[in-house]
There are 2 protein chains.
Amino acid sequence: MNVSGSQRATMLDVARLAGVSEKSVSRVVNREPHVSQKLRDKVEAAIAELGYVPDPAARSLAGVRSFTVGLWIDTRGLHYSMKLMEGAYEACRAHGYHLQVENLGSKIDDAAQVARLDNILRTSRLDGVIVTPLFSDNSAVMDFLESQGMPYARVSPFTHYGRAPAVFMDDAAAAGEVADLFVRNGHRFIGLVTGSPRHGAAVARRTGFLERIAIIAPDAVITEAEGNFAFEAGIAAGRQLLDVADRPTAIFATNDDSAAGVMTACAQLGLTVPDDVSICGFDDNLMAKSVWPYLTTVHQPIAELAQQAALLLIDRHADKRQTADVLLPHRLVERDTIRDLRTSEKVCRPAMGDDDA
Amino acid sequence: MNVSGSQRATMLDVARLAGVSEKSVSRVVNREPHVSQKLRDKVEAAIAELGYVPDPAARSLAGVRSFTVGLWIDTRGLHYSMKLMEGAYEACRAHGYHLQVENLGSKIDDAAQVARLDNILRTSRLDGVIVTPLFSDNSAVMDFLESQGMPYARVSPFTHYGRAPAVFMDDAAAAGEVADLFVRNGHRFIGLVTGSPRHGAAVARRTGFLERIAIIAPDAVITEAEGNFAFEAGIAAGRQLLDVADRPTAIFATNDDSAAGVMTACAQLGLTVPDDVSICGFDDNLMAKSVWPYLTTVHQPIAELAQQAALLLIDRHADKRQTADVLLPHRLVERDTIRDLRTSEKVCRPAMGDDDA
DNA sequence: CTGAAAGCGCTTACAG
DNA sequence: CTGAAAGCGCTTACAG
């Protein structure tokens, strides 16, 4: 019906074709109540026939909504940020929203940060903002948003639960599963590479792991080293943990970047993974398949986290109902860096290349 | 002046404060000609006093411009896509434009692709689109855009030069510099890890390297292996090149992912980098600093490429002038994977610049 | 060089 | 449950 190059249909076109008023078309498009089924059917048929898509600029200008949500991200890992954008963008696109990404950077103090946020809000029209780590635990940022009456959703908060709708995964439970995996494979001498205690996820992963170990293998010996969630610090942590007489048989690095560092430390010390040392990461980011052997790790659904957060903000208007927190599932991805100490076989997928040389 | 929480100023507010018509404010905001300096000064003062920012929705609705540019990307490397978005987004943000990212995927045939693009164009209002690899060399895509009269800019094209404004770097010249680096450090037995010949950059890098070697070291012995621009294929290529009697002393992997693969192959074969084998990559992506030692590579200014492409589309309206192609500089980043065969020292950052013998 | 009028495509506020 | 009128904040097209 819709010949390429033809003018885009307007709401008035739809109204005329359906034989109703523009307001009625508007009601159908916006899923407003009090519309008879008959009228709705006529309008929907006309919309389909004309391939009508509402003009967001007109909707924004006439109404109170801007059809734009903000995504505030820290200058953290490229992969993490990218996945966040991917997810938020997907939700926005599916609902005709624009996404306005703001790269905040966390190297300034709260007062300066708030001044900056104030400027952002003054020069944009936003229906809501998605606040991501480490801002999602920053109460100066939340105070400000609340003072402006700006709706927001939090990605992966670790404090102040309930202050605003949140989307998260259970880092502690996931770390507990890593503990299960280690113990199930016979490991009792264990290394733990931690992240900064300022980082909510780092704390949750460490605590979740330790608490689970205390339950299932109270006899286990655990040594810790700070890996700062970074490759180079991971190398140092790995050397610290491994360059000793009675080294651990397995190391849980609480993110993939530091896990890759630990693997490099192994190579430097002439240790083979997983024959000499088993390693598990956390995140399932790019690094996990950029090391050899491929890293066993916990998959964090970053894009989905941001997508759901965006939906929280979008649905807020569509359904007029307050939305609840959402917990997203994680997944332990068993690749090739864990060895089963009891059967002396490494745990891996069926087909793994030859490992001679 | 602008108290937090106050209403946003409109063009009418500015006009009243300056004592001129709205149309005059519009002329100043849009940098239209035929405006007296006196009027311009008054308007600009009022804009500054009120902190006025034009409403993009209203501009879009009233005018022919949508203040939205499209970014069409392939499902290639996450890092590459992220950098592209980062750059395009920055240009858009600085000019009050929206960015609409479309993840196209290249696994379908041209006809299906064009049908999809047609649908995208019909359901969006775009001022122009940034076309990125591998679409930037796809003539079906370009034909379609031209048939729709849609302005577009190409990122890193390798064919059909001049068909539309383009932004690129000189891959061949950069690869030539890698050849210079190898030869300068005394390497004559050289491995070359290539990418798919379908990929313009892969071809340019290979050719540029080979042609430069032919000039500066015609006696050099070069062996090639296909690395498919990927980590795992890079491992295979590295093993193929290195697991022989007279192995090369240096390998140029034409992208960083395959270079990381070659480094893994070295580890597997018990070879130390750069003592036994020197390695150079290309791209300077995340991998370059996620391997040890850090990879010497060519920095490709991906974000800047996309940023300039966006600017081409934005300025097109602002200045009403046809814009020309832009060539962006690359940079050879000497890190720690090249050894100087003549002095038996590895070349690394501290020693950069003065390596006279 | 400057401005008054009309209108972009929707939603709001109000009637019926 | 449905619709007619006004208006969002700009730009276009036209005058002067």
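Here is what the cut-offs are and how they apply
Residues numbered from 1 in each chain as written. Chains lettered and ligands numbered in written order. Predicted model: local features only at pLDDT ≥ 70, side-chain atom pairs only at ≥ 80, totals over all residues. Heavy atoms only, no water. Phe/Tyr/Trp six-rings, centres within 6.5 Å; stacked < 30°, edge-to-face > 60°. Buried < 20%, exposed > 50% of the residue type's maximum accessible area, 1.4 Å probe, protein only. Domains from an automatic or database assignment. Contact = heavy atoms within 4.5 Å. Buried area = accessible area lost by both parts, 1.4 Å probe. Salt bridge = Lys/Arg side-chain N within 4 Å of Asp/Glu carboxyl O. Polar contact = N/O pair within 3.5 Å; in protein donor to acceptor, adjacent residues only side chain to side chain. Nonpolar A, V, L, I, M, F, W, Y, C, P; charged D, E, K, R; others polar. Near = heavy atom within 4 Å. Helix = DSSP H or I, 4+ residues; strand = E, 2+ residues; numbered from the N terminus. Least-squares fit on C-alpha atoms with pLDDT ≥ 70 in both. pLDDT = per-residue confidence, 0-100.

J.: Sorry if this is basic, but what is going on with the packing of aromatic side chains here?
T.: The geometry of an aromatic ring pair comes down to the distance between the two centres and the angle between the two planes. Taken as a whole, this structure holds 13 aromatic pairs over all chains when the rule is applied. Centroid distance Tyr161(B) to Phe168(B): 6.1 Å. Interplanar angle 70°. Geometry classified as edge-to-face. For Phe168(B), a relative accessible area of 18% translates into the label buried. Centroid distance Trp292(B) to Tyr294(B): 5.1 Å. Interplanar angle 70°. Geometry classified as edge-to-face. In this structure Trp292(B) comes out as partly exposed when scored by relative accessible area, which is 37%. Chaining the aromatic ring pairs together yields one cluster made of Phe182(A), Phe209(A), Phe252(A) and Phe282(A).

J.: What am I meant to see in the domain arrangement of chain A here?
T.: Reports often express the size of an interface as the amount of accessible area lost when the parts come together. All names here are of chain A. Here the domain parsing of chain A yields domain 1 (68–164 + 303–328) and domain 2 (171–296 + 334–347). A C-alpha centroid distance of 32 Å is found between domain 1 and domain 2. Every contact between the two is made by four residues of domain 1 and, on the other side, nine residues of domain 2. Ranking the residues of domain 1 by area buried against domain 2 places His79, Leu134 and Phe158 at the top, with a combined share of 84%. At the junction of domain 1 and domain 2, the tally comes to zero salt bridges. Taken together, the connections running from domain 1 to domain 2 amount to zero residue pairs in polar contact (both at pLDDT 80 or more). When the residues that make up the side of domain 1 that touches domain 2 are grouped by side-chain class, the tally is two nonpolar, one polar and one charged.

J.: Where do I start with the protein's contact with DNA strand C in this structure?
T.: In the region of DNA strand C, 25 residues are neighbours, and Lys23(A), Ser26(A), Ser24(B), Arg27(B) and Ser36(B) sit closest. Backbone sugar and phosphate groups make up 62% of those atoms of DNA strand C lying within 4 Å of the protein. Met11(A) places a polar main-chain atom, nitrogen or oxygen, 2.8 Å from a phosphate oxygen of DNA strand C. For DNA strand C, a phosphate oxygen lies 2.7 Å from a polar atom in the side chain of Ser36(B). Listed by contribution, the elements that provide at least two residues to the surface near DNA strand C are α2 (22–29) and α4 (56–62) of chain A together with α2 (22–29) and α4 (56–62) of chain B. In the surface near DNA strand C, the residues fall into 11 nonpolar, eight polar and six charged.

J.: I tried to follow the side chain of Asp74(A) on my own but got confused; where do I start?
T.: All names here are of chain A. If you trace the backbone, aspartate 74 turns up in the loop between β1 (68–73) and α5 (78–94). By relative accessible area, aspartate 74 is classed as buried at 4%. If sequence neighbours within four positions are ignored, aspartate 74 has contacts with Ser81, Asn103, Gly105, Ser106, Thr132, Pro133, Leu134 and Phe135.

J.: When you look at the relation of the copies chain B and chain A in this model, what are you seeing that I'm missing?
T.: A rotation about some axis, followed by a shift along it, carries one copy of the chain onto the other. The two copies are related by a screw motion: chain B maps onto chain A through a turn of 180° and a shift of 0.0 Å along the axis, at an RMSD of 0.1 Å. What we have between these two chains is a two-fold relation. Measuring from the rotation axis to each C-alpha of chain B, the shortest distance belongs to Ala57(B), at 2.2 Å. A share of 96% of interface residues in chain B that are also interface residues in chain A marks the association as one of identical surfaces.

J.: Is there a simple way to think about the protein's contact with DNA strand D in this case?
T.: Near DNA strand D there are 25 residues, and of these Ser24(A), Arg27(A), Ser36(A), Lys23(B) and Ser26(B) occur at the shortest range. Expressed as a percentage, the sugar and phosphate content of the atoms of DNA strand D within 4 Å of the protein is 62%. At 2.7 Å, a side-chain N or O of Arg27(A) approaches a base oxygen of DNA strand D. When contributions to the surface near DNA strand D are tallied by element, the ones reaching two or more residues are α2 and α4 of chain A together with α2 and α4 of chain B. For the surface near DNA strand D, the per-class residue count stands at 11 nonpolar, eight polar and six charged.

J.: Looking at this model, I keep getting lost on the environment of Phe135(B). Mind explaining?
T.: All names here are of chain B. Mapped onto the secondary structure, phenylalanine 135 falls in the loop between β3 (128–131) and α7 (139–147). Relative accessible area serves as the criterion here: at 4%, phenylalanine 135 is assigned to the buried category. For the pair phenylalanine 135 and serine 156, spaced 21 residues apart in the sequence, the C-alpha separation amounts to 9.8 Å. Discounting residues that sit within four places of it in the chain, phenylalanine 135 has contacts with Trp72, Ile73, Asp74, Leu104, Gly105, Ser106, Gln113 and Val141.

J.: What should I look at first to understand the interface of chain B and chain A in this one?
T.: Opposite the 45 residues of chain B that make contact, chain A presents 46 residues. At the boundary of chain B with chain A, total buried surface from both sides reaches about 3,800 Å², with 60% on carbon and sulfur atoms. Area buried by chain B at its contact with chain A is led by Leu78(B), Met82(B) and Arg122(B), which between them contribute 16% of it. At the boundary of chain B with chain A, the tally comes to four salt bridges. Its salt-bridge partner being Arg125(A), residue Asp55(B) comes within 3.9 Å of it at the nearest N-O pair. Within the residue set of the side of chain B that touches chain A, elements represented by two or more residues are α4, α5 (78–94), β2 (98–103), α6 (110–122), α10 (231–242) and α11 (256–268) of chain B. Considering only residue class, the side of chain B that touches chain A consists of 19 nonpolar, 14 polar and 12 charged.

J.: Could you clarify how one ought to interpret the confidence of the model for chain A in this entry?
T.: Detailed reading of predicted coordinates is not advised where the pLDDT is low. Residue and element names in this part refer to chain A. Considering every residue of chain A, the mean pLDDT works out to 89; 92% of them sit at 70 or more. In this model residues 1–5 is a low-confidence stretch, pLDDT under 50, and it forms eight contacts with partners more than four residues away in sequence or in other chains. Considering only residues more than four positions removed or in separate chains, one finds that residues 350–357, a stretch of pLDDT under 50, has eight contacts.

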